[in-house]
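Coordinate inspection notes
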Amino acid sequence: MAPLFHLLFPILLPLFPTLTTAWTDLSDETLARLPNPSDTDFDITTGALLSPILIPRVPGTEGSLKVLNHFQNFFATKLPYWKTSTQNSTATTPTSNGAEIPFVNFYATRDPPWAGEGNVGRLVLVAHYDSKSTPEGFIGATDSAVPCAVLMHAAQAVDEALTRKWENMRVKGLAGDGLGDGDGHEDAYRGVMILFLDGEEAFHSWTNEDSLYGARSLANTWESTPHTALSQRKNHLSSIDLFLLLDLLGSKSPTIPSYFPTTHWAYTHMATLESRLRQLNHFLSHKTSPNPWFFEPATKEEKHSMMIQDDHIPFLARGVEVLHVIPAPFPRVWHVMEDDGEHLDMPTVKDWARLTAAFLAGWLGLEGFVEASLPVANGGAEEAEDVTSGAVRGRGLRLKTEL
Ligand SMILES: *[C@@H]1O[C@H](CO)[C@@H](O)[C@H](O)[C@H]1NC(C)=O
Ligand SMILES: [Zn+2]
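First, a word on scope: everything that follows refers to the structure included in this document. The structure displayed is predicted, hence computed values, not measured ones.

With that settled, the discussion passes to the overall build of the protein. Looking only at helices and strands, one finds 11 helices and 6 strands in the protein. Burial statistics for the protein: of 403 residues in total, 55% are counted as buried. Of the accessible surface of the protein, which amounts to about 17,300 Å², a share of 57% is contributed by carbon and sulfur atoms.

Structure (structure tokens):
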């Protein structure tokens, strides 16, 4: 009886974890320990993460391939535990004269080592990497080179803590049985994906057919790619617990409305993290733009009628939960030549990187696993301001380890 019960238990009782409330609060100490987004990564001409993306990258062109190689190279050299893949499609466009244009979506995934693929629920952090074909030479710094670099930073910022957390769970026997019921530890089946979509922009003018080329193909493919029998998640699309889409970020003083009532809880976590990071003096932009970016009170559940067409649409249409981080109104530089590196507000760019990393850490339950990093000696003026907290991080907190 007992062994039989044990055998049937995970199969007969689908103990779905609470899919939409993955969250652990982070202490002030942990927020302070998250790495400083630095000029080494974000300088517009030399920054390791951002500068390679600040080139025209129209689908099917050499610039597009260069940026893809940049992503591939970044994960291969800096984040080897992440599994990278591409999903390809082709389509004719209103300007291609019948020629098939290739679209390449890139994604990198990190899942708990014990979890079968069909049992993982992921936070999927999304930005589009293509740039608009007109005006000629358009860079699209906010649209969406900065969001791409911000997501690379976030992945890097949490990577070691995630290794520590999962090793800790394994040692303590909290890793579950691989079947995905979590044994009461649903974060044993929580993973993360960085997704860079191609072909978001229209080639001629925005229609349902001339836009979102990569996103439409990917949502369709993932919906029709089933997991193995008895998986908790029926297909690749249902592995997405939250589709967090960043777009048009990097200009000063954005305001981000809450677009979807069902993900207002996640919006609220963003808002809380933003205000805490400001209060704790981890934000660089507060002197120039003191108003909160996430400004809606926690109780607000009112529907926004604003429906912005963006990469989330094909996923939303299939029932995926979406948090859309896009300013309304759009930045002043939207779709004009001035949307380039020189017109970015660098304190704001770095603050987005820090905030996104903090959100990811909260989602993944990394409280207690973020270790102090050594202060980065890159001579940036903004980093120099932070010497005091850097020293505290460098000495006192380093002594404490969680394992
Ligand atoms: C998709 O296209 C890219 C660029 O041509 C190529 O490197 C990659 O191998 C392709 N991926 C698949 C899954 O075929
Ligand atoms: Zn655009």
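Attention now moves to the pairing of strand 4 (residues 190–197). Here strand 4 lies mainly inside the structure; 8 of its 8 residues are buried. With burial as the criterion, each face of strand 4 is covered, one bearing R190, V192, I194 and F196 and the other bearing G191, M193, L195 and L197. Two strands pair when backbone bridges link them, and strand 3 (residues 121–128) and strand 4 are joined in this way by 8 bridges, in the parallel orientation. Note on strand 4: the bridge partner recorded for V124 is M193.

The next thing to look at is unusual backbone geometry. Between T134 and P135 the backbone carries a cis peptide bond, its omega angle lying at -10°. Relative to the elements of secondary structure, P135 occurs in the loop between strand 3 and helix 5 (141–171). Each neighbour pair has its own omega, and for D143 with S144 the value is -5°, a cis peptide bond. Of note, S144 is situated in helix 5. Look at L248: it is not a glycine, yet its phi comes out positive at around 60°. One can find L248 in the loop between strand 5 (240–246) and helix 7 (264–279).

Moving on: the packing of aromatic side chains. Counted under the stated rule, the structure contains 21 aromatic pairs. A centroid spacing of 5.8 Å and a plane angle of 35° characterise the contact between F75 and F106, whose relative ring orientation is tilted. Here F75 is found in helix 4 (residues 62–78), whereas its partner F106 is found in strand 2 (residues 101–110), with 31 residues between them in sequence. Between F283 and W293, the aromatic rings sit 5.2 Å apart at their centres with planes inclined by 35°, giving tilted as the arrangement. Of this pair, F283 sits in the loop between helix 7 and helix 8 (313–316) while W293 sits in the loop between helix 7 and helix 8, and the two are 10 residues apart along the sequence. Of the two residues, F283 and W293, both sit in the buried class. Taken together, the aromatic side chains of F71, F74, F75, W82, F106, Y129 and F196 make up a single cluster linked through ring pairs. R216 extends its terminal NZ or CZ atom over the ring of Y213, reaching a point 5.3 Å from the ring centre.

It is at 12 Å that the axes of helix 4 and helix 5 come closest, and there the two elements cross at 10°. With respect to each other, helix 4 and helix 5 are oriented roughly parallel. In this structure, helix 4 uses H70, F71, F74, F75 and K78 to contact helix 5, whose residues at the interface are C148, M152, A155 and Q156. Partitioning the contact of helix 4 with helix 5 into residue classes produces 6 nonpolar, 2 polar and 1 charged.

Before going further, it helps to examine the pattern of salt bridges. Between side chains of opposite charge, a pair can form when the charged atoms approach closely. In this structure the tally under the stated criterion is 14 salt bridges. Ionic pairing is found between R164 and E371, a salt bridge with its closest N-O pair at 3.4 Å. One end of the pair, R164, is in helix 5; the other, E371, is in the loop between helix 9 (346–364) and helix 10 (381–384), and 207 residues separate them in sequence. The partner of D241 in a salt bridge is R233, with the nearest N and O atoms 2.7 Å apart. Overlapping salt bridges bring together D111, E117 and R122 as one network.

Our focus in this paragraph is the site of ligand 1. Looking at ligand 1, the residues that line it are T86, N88 and V104. Contact between ligand 1 and T86: a nitrogen atom at 2.8 Å from a side-chain N or O atom of the residue. In the environment of ligand 1, an oxygen atom lies 2.4 Å from a nitrogen or oxygen atom belonging to the side chain of N88. About the coverage of ligand 1: the protein hides 38% of its 370 Å² of free accessible area.

All right, on to the nonpolar core then. Generally speaking, soluble globular proteins have nonpolar side chains that are buried together. Grouped together as the largest cluster of nonpolar side chains are 82 residues, with contacts concentrated most on F196, F294, V325 and F359. Examining the composition of this core, we find that 16 residues originate from one element, helix 5, more than from any other. Discounting residues that sit within four places of it in the chain, F294 has contacts with I256, Y267, M270, A271, E274, V325, W352 and L355. Grouped together as the second largest cluster of nonpolar side chains are 25 residues, L212, L237, V322 and I326 included.

For the rest of this paragraph, the subject is the sheet that holds strand 6 (residues 322–325). Taken together, 6 strands build an open sheet; the order of strands is 1-2-4-3-5-6 and the sheet is mixed. Two strands close off the open sheet at either side, each with one partner strand: strand 1 (83–91) and strand 6. Going across the sheet, the axis of each strand differs from the next one's by a mean of 20°, ignoring polarity. Pairing between strand 1 and strand 2: 9 bridges, direction antiparallel. Across the sheet, T90 pairs through a bridge with P102, a residue of strand 2. Packed onto the sheet, helix 5 meets strand 2, strand 3, strand 4 and strand 5 and runs at close to 155° relative to strand 3. Where helix 6 (residues 213–223) meets the sheet, its contacts fall on strand 1, strand 2, strand 4 and strand 5, and the angle it forms with strand 1 comes to roughly 110°.

On to the environment of F196. Note on placement: F196 falls in strand 4. In the structure, F196 is positioned 125 residues away from F71 in sequence and 8.9 Å away in space, judged by C-alpha atoms.

Parameters and conventions
Residues numbered from 1 in each chain as written. Chains lettered and ligands numbered in written order. Predicted model: local features only at pLDDT ≥ 70, side-chain atom pairs only at ≥ 80, totals over all residues. Heavy atoms only, no water. Helix = DSSP H or I, 4+ residues; strand = E, 2+ residues; numbered from the N terminus. Buried < 20%, exposed > 50% of the residue type's maximum accessible area, 1.4 Å probe, protein only. Areas by Shrake-Rupley, 256 points an atom, 1.4 Å probe, with all protein chains shown as cover. Pairing = 2+ DSSP bridges. Phe/Tyr/Trp six-rings, centres within 6.5 Å; stacked < 30°, edge-to-face > 60°. Lys NZ or Arg CZ within 6 Å of the ring centre and 35° of its normal. Axes fitted to C-alpha atoms, helices over the stretch in contact; angles between N-to-C directions. Parallel < 35°, antiparallel > 145°, perpendicular 65-115°, else oblique. Contact = heavy atoms within 4.5 Å. Nonpolar A, V, L, I, M, F, W, Y, C, P; charged D, E, K, R; others polar. Salt bridge = Lys/Arg side-chain N within 4 Å of Asp/Glu carboxyl O. Near = heavy atom within 4 Å. Polar contact = N/O pair within 3.5 Å; in protein donor to acceptor, adjacent residues only side chain to side chain. Core = buried A, V, L, I, M, F, W, Y, C linked by side-chain atoms within 4.5 Å.

Interpretation note: all reported values are geometric properties and have no functional meaning in isolation.
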